[in-house]
Each structure stands twice: as structure tokens, then as C-alpha cells.
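# Structural features, examined
Listed here are the chains, written in short residue letters.
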Amino acid sequence: MSKRTQVFTQVLYPDFPLLRALFVSDIPYVALEAGPTKCADLAWRELMAKRDTPATNLSGEPQSELLRELVAHLRQNRTQLREEWVQRITETRLLTAMTKEEIFAEATSVYDSYVEALETETFEALQAYARNLSERIIPRGVETHEVVGIVLLLRDVLARSLFAKYQTDFKKLNRILDAYEPAANRIANTVAVGFVQERERVIRQQQEAIRELSTPVLQVRERLLILPIIGVIDPQRARQLTEQLLRGIRTNRAKVVVIDITGVAAMDATVANNLVQTVEASRLLGATVIVTGLSPEIAQTLVTIGVDLGKMNTVGDLQGGIEQAERLVGYKVIPATETR
Amino acid sequence: MEVPILKQGKVLIATIQAALSDADLENLRRGLVEQVVKFRSLGVIVDVTSMDVMDSFASRTLREIAHMIRLRGAETVIVGIQPEVALAMVQLGLTLEDVATALDLEEGLAYLNEKFKTTN
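Residues numbered from 1 in each chain as written. Chains lettered and ligands numbered in written order. Predicted model: local features only at pLDDT ≥ 70, side-chain atom pairs only at ≥ 80, totals over all residues.

Residue and element names in this part refer to chain B. Strand order in the open sheet formed by five strands is β1-β2-β3-β4-β5, with mixed pairing between adjacent strands. A strand with exactly one partner marks an edge of an open sheet, and here the two such strands are β1 (5-8) and β5 (100-102). Shown here is a sheet whose adjacent strand axes are inclined to one another by a mean of 25°, direction ignored. Examined bridge by bridge, strand β4 (residues 75-79) and β5 share three bridges and lie parallel to one another. Directly across from Val77, in β5, lies its bridge partner Ala100. (Pairing = 2+ DSSP bridges. Helix = DSSP H or I, 4+ residues; strand = E, 2+ residues; numbered from the N terminus. Axes fitted to C-alpha atoms, helices over the stretch in contact; angles between N-to-C directions.)

What follows is the structure in C-alpha cells.
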């Protein structure tokens with residue numbers, strides 16, 4: 001097999017982007033090996049021309065002209081290309097969370113936005129569409145790799161159709177691809193970034209919600225607050241907790257606060273210190289703090305960092321804590337049977 | 001700026017109304033320590049509601065005031081420390097140990113009245 005046919009085999013190989021790389025960088029190397037005599041055909045001359053002339057001078061017609069031609073081609077073959085794309089999506093088992101009809105409907109919109117972005121070379125509309133699409137499909141569990149996958153598939157399908165159309169005219173094909181690929185890459189980039197940004201927005205929103213929910217300051221009696229803490233406390237959450245508690249003390253005019261940490265398995269020295277600071281700051285506001293439900297591990301941490309136990313008022317469980325707090329505020333709980 | 005010291009029954013009330021210089025704080029200390037015996041007061045309330053910064057000198061002076069007044073035979077309560085101020089103080093290690101604190105003037109008065117009842 002001559003080097004020339006080898007080149008052609010590679011050209012005709014369906015995976016197009018890979019092939020482009022061979023074209024641009026590897027051909028001169030092949031040429032040296034093969035020698036000009038064996039490759040004295042059209043393809044070879046085209047290749048040498050491509051190598052020897054700078055890319056900008058290569059195109060006889062301006063870039064926009066090429067893009068227009070490209071867009072016309074994509075419009076013309078819209079139905080066929082779209083179907084091919086959807087079929088490839090199904091074959092590769094992407095977007096399994098959606099029905100075939102939904103995929104088709106979305107594919108149509110994506111295809112049209114895609115062509116439009118190519119035509120106008122503005123990406124705002126596509127960006128907006130990508131965001132809108134992401135909003136709809138993220139709750140259904142569509143993953144990032146699927147979205148990137150379908151856009152790359154579309155890019156592949158279109159590149160192949162371009163190749164099929166221009167395979168007789170090599171020079172033209174190269175120029176068309178020069179126009180097409182940067183735009184296609186940008187589109188893929190835009191869609192992927194849009195999707196990831198939307199995902200991140202959703203995650204941020206959820207984090208915010210969790211943070212809000214995670215530190216309720218509750219009033220159980222007049223001037224008696226409880227602050228149940230559940231889960232892992234990081235320094236940021238600890239700080240937020242302290243601020244919320246101090247604000248709660250002020251607004252509820254609390255005299256006693258019970259901080260229940262039964263739901264906290266362990267805390268590091270920083271957070272333990274933060275807890276001690278919370279207790280001291282509450283005292284400066286005139287409130288007494290009772291800490292309940294210390295796990296053995298937390299007790300160990302507090303002893304290790306050397307907490308002044310005179311400042312910390314601790315009770316074994318939440319019930320005991322509330323009982324002591326009620327005494328401090330001046331309540332006395334009497335069983336109903338005794339009052340009769 | 002001078003801090004007015006008001007007499008209300010057996011209690012002296014000093015309300016700090018603006019940021020104080022070190023000299024103002026020392027004047028306040030002298031004034032309170034003198035008057036607590038002059039009026040035969042049993043309690044002193046220092047209201048710091050409008051202080052949004054509490055540096056180490058201020059908190060040390062407040063602590064000294066409380067200790068000196070105890071030696072002069074009365075009780076001191078610091079009232080109205082803002083949540084942000086409290087947090088900042090604790091982070092700086094200014095915790096006003098062994099000084100009574102209360103949420104506001106009303107609470108401070110209630111605390112002192114309770115105290116008077118138990119001592120009498």
C-alpha cells in the first residue's frame with residue numbers, strides 16, 4: 001500500500017476531528033517518507049499547498065461567505081441530519097432520562113439554535129437557550145457528560161456531512177472546515193459552560209437553603225431559647241450559628257439558652273473553641289448558656305483544649321438542660337395530678 | 001465627652017452615649033467610684049448600648065470599675081453590649097470575667113433588685 005492510499009484511508013476514516021490533526025501536522029512527515037513522485041496527484045498537491053501557504057491566505061473567499069454556504073447546507077439537510085443525530089444519541093445511550101419524543105423535540109431546537117449561532121456568530125441566544133434547557137433537564141437527572149456528549153455528537157454528525165459533500169473538492173473542504181470548526185468549538189463550549197453554570201447555581205441555592213435550615217433558634221418558653229445543632233459543624237457554620245444565636249438572644253430577650261449538640265458526633269478544636277466563645281459572648285449579653293448532649297468525643301476535645309469548666313454549664317441530656325433552664329428562668333413544672 | 005451619671009433610687013446609672021476617649025473613660029471611673037459612696041448607692045449600671053466598638057482599654061476599664069465598686073460596697077452590671085461587639089470582644093479574649101452583664105437597662109435593674117432582696 002502506497003503512502004498516498006494510506007493518506008486517503010485516513011482521510012476517509014469516519015472519525016473526523018482526529019483526521020484533521022493528521023492532516024495539519026503529520027502530512028509533511030508522510031510526504032518526506034513517500035516522496036513527491038508517489039503522491040503526484042491532486043490530494044498531494046492540495047496538501048503541499050496547505051502546508052506552504054499561511055492559513056489566512058488559503059481561503060479565496062472571505063470566512064463569512066463560507067459560513068453562509070455552510071449554513072445553507074445545514075438548513076437544506078436539516079431533517080436528515082437531525083434524524084441522524086437523534087439516532088446517534090439513542091445509540092450511544094445518552095439522555096436516558098428522557099423519552100424519544102422529548103429528545104427529538106429538544107434536538108430540533110438545539111439544531112436550529114446551533115445553525116443560527118453559526119449564521120449570526122452571536123452566542124447570546126444560544127447561551128440563553130442552553131441555560132433554559134439546563135434548567136429543564138437538570139431536575140431530571142441529566143449529567144454533564146451527557147450534555148457535552150450530545151453537542152459533540154452533533155458536531156461530529158455535521159462535520160461528516162460536510163465531508164461527504166465536499167470530498168471531491170479538497171481545498172474547499174479545508175476552508176469550510178477552517179470556518180466551521182472554531183465556531184463549532186465555541187458552540188460546544190458555550191453549551192457546556194451554560195450547563196455547568198446552571199448546575200452550580202442550583203448547588204449554591206441548595207447549600208444556601210441547607211444553611212438557613214440548619215440553625216434554628218427556637219423559643220420554648222418566655223425568655224428561654226433552645227438551639228439544636230445537628231450534623232457536622234465547620235468553622236463557617238459555627239460562626240453563623242454564633243451570630244444567629246446572639247441575634248436571637250437580643251430579639252427574644254432571652255435569659256437562658258440551651259444548646260443541644262446531641263446530633264453532633266465530633267468537632268475539632270477550632271469549632272470547640274468557637275462553642276466556648278459563643279457561651280462567653282452570650283454571657284456578655286446577659287444570657288446563661290447550658291450545653292447539653294456532649295458526646296464522649298466532644299468532651300475529650302473540650303478537655304484537650306483546656307476549657308475553663310467554670311464558664312461552661314453542661315447537662316447530660318436535653319431534658320435535663322431544659323429542666324435546669326426552667327428553674328433559672330423561674331418556672332416550676334408541677335405534674336397535673338398534684339395540682340388537683 | 002462627659003458621661004452623665006444619674007441616680008435612681010439605690011442605683012447609679014451611667015449611660016455611655018458616644019464613642020469615648022481614654023480620658024473620658026477614666027473620668028467615668030473616677031466619677032462612679034466617688035459617687036457610689038456619696039449617694040450610698042447599692043448598685044451601679046453602665047449602659048453601653050450605643051458603643052459599637054469596645055477596645056481592650058475600654059473593657060479593662062469597665063472591669064476595673066466593677067472591681068473598685070465592689071470594694072466600695074456595691075454591685076456593678078454592664079448592660080446593652082451589642083451582639084457584634086460581644087463576638088468581637090470574645091475573639092479578642094476580652095470576656096469581662098466576674099463582671100455581671102445583662103441584656104438592657106431593664107434587665108440590669110431587675111438583676112440588682114433581685115440581688116438587694118437576697119442580701120437584705
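Every contact between the two is made by 13 residues of chain A and, on the other side, 13 residues of chain B. Going through the elements one at a time, α11 (235-252) and α12 (269-284) of chain A are the ones with two or more residues in the side of chain A that touches chain B. Class assignment of the residues belonging to the side of chain A that touches chain B gives a composition of four nonpolar, three polar and six charged. (Contact = placed C-beta atoms within 7 Å. Nonpolar A, V, L, I, M, F, W, Y, C, P; charged D, E, K, R; others polar.)

Residues and elements named next belong to chain B. Where β1 lies against strand β2 (residues 11-15), four bridges are found, and the strand directions are antiparallel. When the sheet's bridge partners are listed, Ile5 is paired in β2 with Ala14. The hairpin formed by β1 and β2 contains two residues between the paired strands, and Gly9 there has a positive phi angle of roughly 60°.

Turning next to the confidence of the model for chain A. All names here are of chain A. Looking at chain A, pLDDT values average 79 and 81% of them are 70 or higher. No element of chain A has a lower mean pLDDT than helix α2 (residues 16-34), which averages 38, and none a higher one than strand β4 (residues 288-292), which averages 94. Across residues 54-59, confidence stays below pLDDT 50; counting only partners more than four residues off in sequence or on other chains, it has seven contacts. (pLDDT = per-residue confidence, 0-100.)

So, on to helix α7 (residues 100-120) of chain A. Residues and elements named next belong to chain A. For α7, with 21 residues, the first-to-last C-alpha span of 30 Å sits near the 30 Å given by 1.5 Å per residue. Within the span of α7, buried status applies to Ala107, Val110, Tyr111, Ser113, Tyr114, Val115, Ala117 and Leu118. Of the residues one or two after α7, Glu121 is the one with positive phi, at around 60°. (Expected span 1.5 Å × (residues − 1). Buried ≥ 20, exposed ≤ 12 C-beta atoms within 10 Å, placed from the backbone.)

All names here are of chain A. Judged by how many residues are buried, strand β2 (residues 224-230) sits mostly within the fold: five of seven residues are covered. Bridge analysis of strand β1 (residues 218-221) against β2 gives three bridges, and the strand direction is antiparallel. Within β2, the residue paired with Arg221 across the bridge is Leu224. Between β1 and β2, which pair antiparallel one after the other, the connecting turn spans two residues, and Arg223 there sits at a positive phi close to 70°. Bridge analysis of β2 against strand β3 (residues 256-263) gives six bridges, and the strand direction is parallel. Residue pairing across strands places Ile230 opposite Gly263, the latter belonging to β3. Between β2 and its parallel partner β3, the chain crosses via α11, and the hand of that crossover is right-handed. (Right-handed = clockwise from strand over helix to strand, strands pointing away.)

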